[in-house]
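The chain contents come next:
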Amino acid sequence: MTPSQNQSGVNPPARRRSGREGPRELTAAFRRYVERVQSAENPTARDDLDAALTLADEITGDRRSTAIDASLVREYGASIRQLAKAVRQAGRGAVAHPALLARAIVLARTLERTGAGRRVGRIQRDRELAVAAR
């Protein structure tokens, strides 16, 4: 007898996350963020930015989708640095702080949404220029 082809219990293929991820996934992404932030011996703004962008990628499911541009850093650089500083000050217990987790999730989704909006605008402008050039 052949096995049933109904695989309703199998996870769907990897795709963009809906924002309704399980708490474990968000907590694991935040734990990795805390480890990255706290592992830097002499943290720089670039270290904090890289950690925040990696967190945004992990939470949204998009690998390195957040475009880095000067305006994004100007707009959210202070928030990125403040969160990283709070994580460093909290020490080893930072993962257990729900307020830090919430701040990290909001920041990550804001970075992703802002970067995605810029990408869409850039793609749309490129298409309009291509049509106009014909």
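In the block above lies the structure referred to throughout.
A. Quick peek at the pattern of salt bridges. Under the definition given, this model contains 5 salt bridges. With a closest N to O distance of 3.3 Å, Glu 58 and Arg 32 form a salt bridge. Here Glu 58, found in helix H2 (residues 45-60), pairs with Arg 32, found in helix H1 (residues 23-39); they are 26 residues apart in sequence, far enough to count as distant. Under the relative-accessibility criterion, Glu 58 is labelled buried at 10%. The partner of Asp 48 in a salt bridge is Arg 81, with the nearest N and O atoms 2.8 Å apart. Of the two residues, Asp 48 sits in helix H2 while Arg 81 sits in helix H3 (residues 70-90), which places them 33 residues apart along the sequence. Taking relative accessible area as the criterion, Arg 81 reaches 36% and is therefore assigned partly exposed. Put simply, Arg 32, Arg 36 and Glu 58 are held in one network by salt bridges that share partners.

B. Seen up close, the packing of aromatic side chains. In the structure shown here, the tally under the stated rule is 1 aromatic pair. Taken together, a centroid distance of 6.2 Å and an interplanar angle of 25° make the contact between Phe 30 and Tyr 33 stacked. Of this pair, Phe 30 and Tyr 33 both sit in helix H1, separated by 3 residues, roughly a single helical turn. Under the relative-accessibility criterion, Phe 30 is labelled buried at 1%. Accessibility expressed as a relative area gives 0% for Tyr 33, which makes it buried.

C. Main features of H2. Its 16 residues give H2 an end-to-end C-alpha distance of 22 Å, which sits within 8% of 22 Å, the value for a rise of 1.5 Å per residue. Taking burial as the measure, the 16 residues of H2 include 12 buried ones, the bulk of the element. If you check which residues of H2 are buried, you get Asp 48, Leu 49, Ala 51, Ala 52, Leu 53, Thr 54, Leu 55, Ala 56, Asp 57, Glu 58, Ile 59 and Thr 60.

D. Here's a closer look at the packing of H1 against H2. Where H1 meets H2, the closest approach of the two axes is 10 Å, and the angle between their N-to-C directions is 165°. With respect to H2, the axis of H1 lies roughly antiparallel. Between H1 and H2 lies a crossing of right-handed hand. Contacts between H1 and H2 pair Leu 26, Ala 29, Phe 30, Arg 32, Tyr 33, Arg 36 and Val 37 from the former with Ala 51, Ala 52, Thr 54, Leu 55, Glu 58 and Ile 59 from the latter. Split into classes, the residues belonging to the contact of H1 with H2 amount to 9 nonpolar, 1 polar and 3 charged.

Here is what the cut-offs are and how they apply
Residues numbered from 1 in each chain as written. Predicted model: local features only at pLDDT ≥ 70, side-chain atom pairs only at ≥ 80, totals over all residues. Heavy atoms only, no water. Salt bridge = Lys/Arg side-chain N within 4 Å of Asp/Glu carboxyl O. Helix = DSSP H or I, 4+ residues; strand = E, 2+ residues; numbered from the N terminus. Buried < 20%, exposed > 50% of the residue type's maximum accessible area, 1.4 Å probe, protein only. Phe/Tyr/Trp six-rings, centres within 6.5 Å; stacked < 30°, edge-to-face > 60°. Expected span 1.5 Å × (residues − 1). Axes fitted to C-alpha atoms, helices over the stretch in contact; angles between N-to-C directions. Parallel < 35°, antiparallel > 145°, perpendicular 65-115°, else oblique. Left-handed = near helix turned anticlockwise from the far one by under 90°. Contact = heavy atoms within 4.5 Å. Nonpolar A, V, L, I, M, F, W, Y, C, P; charged D, E, K, R; others polar.

These values are about where atoms sit, not about what they do.
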